[in-house]
Amino acid sequence: MKKKNHFLVLSHYTGIKKRGILFLFFLLAHTVSAQYADTMTYHIKAQLAGVFNQTNTTKSYLANNGLQYNMSKERTSINWNGSWIYGKQNGGITNNDFSSIFDYNFFHKNKHGYVWGFAAYDKSYSLKIIDRVQAGAGLGYKLVDTKVLLLDLSDGIIYENSDLDQSADMTVRDIETFRNSVRLKYTFNYSTVLVLHGSNYWQQSVETRDDYIIKCYNTLNIKVRKWLSISVVMNYNKINVTQRENFLLTYGLTFDKTF
């Protein structure tokens, strides 16, 4: 009975921490956006992509949809990214993955170095993540910043609390740890028609060497209008401790507007 009570207390405590991080995330987003509402430049991007395949014996499809919202001024940038990936094969679900990421950046007066804050929430059927919350802060630097090429490297410490699906493997354990998060971000513009963009993360646990996460998001956009592009989207995710990974390559349209 004592073990059961202890488990209930621990579960309740973990739930409070998750809700607290999410509350701070939304409070910070609301406060910052309200403070700079009259001086910001706004940018919104919507991505609709997918793959469909049907043969005599197989039918499968995958939808990869995303929405990005950015507010920026001279020395600050606020970004929100949301995505939903849903797929089926022969009537069975292969993907039902949701991600929401918020970050706030404050730049040095030279506009190359900056301080960042970060919060994210994930659910993933394919990676067997019931809930994952991450939050942290760090430093970044724009190694190259021209009209043709942007190359941005950042590093920081984040806290993670993950509730993992144990139904397929009872040896899987939930994760609560601090990670060193390294991100390489790039944008390559060729004649304003072809745009290659990527954000790639390595998140290593500071406690366990074998506990690391790889997250890669890369897109190739071919502009047909100033606000419309044909897109090829690549997603790759890996959680090493559970040996779960996915690789997705989809095609579609991207709508892009600055105002």
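Everything here concerns the structure above.
Residues numbered from 1 in each chain as written. Predicted model: local features only at pLDDT ≥ 70, side-chain atom pairs only at ≥ 80, totals over all residues. Heavy atoms only, no water.

*Asks:* I keep staring at the overall build of the protein and nothing clicks. Help me out?
*Replies:* Helices and strands together make up the secondary structure of the protein, namely one helix and 12 strands. Along the protein, helices (α) and strands (β) appear in the sequence α-β-β-β-β-β-β-β-β-β-β-β-β when read from the amino end. Within the protein, the fraction of its 259 residues that count as buried is 41%. Restricting the contact set of the protein to residue pairs at least 6 apart, pairs at least 24 apart contribute 49%. In the form shown here, the protein has an accessible surface area of approximately 15200 Å², with 62% of it arising from carbon and sulfur atoms. (Helix = DSSP H or I, 4+ residues; strand = E, 2+ residues; numbered from the N terminus. Buried < 20%, exposed > 50% of the residue type's maximum accessible area, 1.4 Å probe, protein only. Contact = heavy atoms within 4.5 Å. Areas by Shrake-Rupley, 256 points an atom, 1.4 Å probe, with all protein chains shown as cover.)

*Asks:* I keep staring at empty space enclosed by the protein and nothing clicks. Help me out?
*Replies:* Over the atoms, a rolling probe the size of a water molecule traces out where space has been left empty. Enumeration according to the criterion identifies two cavities of 30 Å³ or more in this entry. The calculated volume of the largest cavity comes to roughly 130 Å³. In this structure, the largest cavity is lined by Asp103, Asn105, Trp116, Gly117, Phe118, Ser154, Asp155, Ser181, Arg183, Tyr201 and Gln203. Listed by contribution, the elements that provide at least two residues to the lining of the largest cavity are β4 (92-107), β5 (113-124), β7 (149-164), β8 (175-190) and β9 (194-205). Residue composition of the lining of the largest cavity, grouped by class: three nonpolar, five polar and three charged. Taken as a whole, the second largest cavity encloses approximately 70 Å³ of empty space. Along its surface, the second largest cavity is lined by Lys45, Gln47, Gln68, His197, Tyr217, Thr219, Asn221, Ser231, Val233 and Thr254. Going through the elements one at a time, β1 (41-54), β10 (212-225) and β11 (228-239) are the ones with two or more residues in the lining of the second largest cavity. It is β10 that contributes the most residues to the lining of the second largest cavity, three residues altogether. (1 Å grid on protein atoms, 1.4 Å probe; cavity = no way out; pocket = protein on both sides within 12 Å on 5 of 7 lines; lining within 4 Å. Points joined across faces, edges and corners; volume = space filled by probe spheres on them. Nonpolar A, V, L, I, M, F, W, Y, C, P; charged D, E, K, R; others polar.)

*Asks:* For this particular structure, what's the right way to read the pairing of β11?
*Replies:* Strand residues, when the strand is regular, have side chains that alternate between the two faces of the sheet. In terms of strand pairing, β10 meets β11 through 12 bridges, oriented antiparallel. Residue pairing for β11: Arg225 is matched across the bridge by Leu228. From the end of β10 to the start of β11, which pair antiparallel, there are two residues. Two elements, β11 and strand β12 (residues 244-258), share 12 bridges in a ladder whose sense is antiparallel. Note that in β12 the partner of Val232 across the bridge is Tyr251. (Pairing = 2+ DSSP bridges.)

*Asks:* How should the pattern of salt bridges be read in this particular structure?
*Replies:* Should the charged atoms of two oppositely charged side chains come close, the side chains can pair. Considering all chains together, one arrives at seven salt bridges under this definition. Here Arg179 and Asp211 are joined by a salt bridge, their closest N and O atoms 2.9 Å apart. Taken together, the positions of Arg179 in strand β8 and Asp211 in the loop between β9 and β10 put the pair 32 residues apart, joining distant regions of the chain. Beyond isolated ion pairs, a larger network of salt bridges with shared partners links Glu160, Arg179 and Asp211. (Salt bridge = Lys/Arg side-chain N within 4 Å of Asp/Glu carboxyl O.)

*Asks:* Which parts of the structure should I look at to understand the environment of Val115?
*Replies:* Within the element layout of this structure, Val115 appears in strand β5. Given a relative accessible area of 44%, Val115 falls into the partly exposed group. Residues contacting Val115, with those up to four places away along its chain left out, are Tyr104, Asn105, Phe106, Gly138 and Leu139.

*Asks:* I would appreciate a short explanation of the environment of His112 in the present structure.
*Replies:* Its place among the elements puts His112 in the loop between β4 and β5. Once the C-alpha coordinates of His112 and Val144 are considered, the two residues, 32 residues apart in sequence, prove to be 8.6 Å apart. Once residues lying within four places of it in the same chain are set aside, the contact partners of His112 are Gly140, Tyr141, Lys142 and Asp145.

*Asks:* Before we go on, may I ask you to explain the nonpolar core in this structure?
*Replies:* Soluble globular proteins tend to pack their nonpolar side chains together in the buried interior. Ranked by size, the top nonpolar core spans seven residues in total: Ile101, Phe107, Tyr114, Trp116, Phe118, Ala120 and Ile158. Residues within four places of Ala120 in sequence aside, it is in contact with Ser100, Ile101, Arg132, Val133 and Gln134. (Core = buried A, V, L, I, M, F, W, Y, C linked by side-chain atoms within 4.5 Å.)

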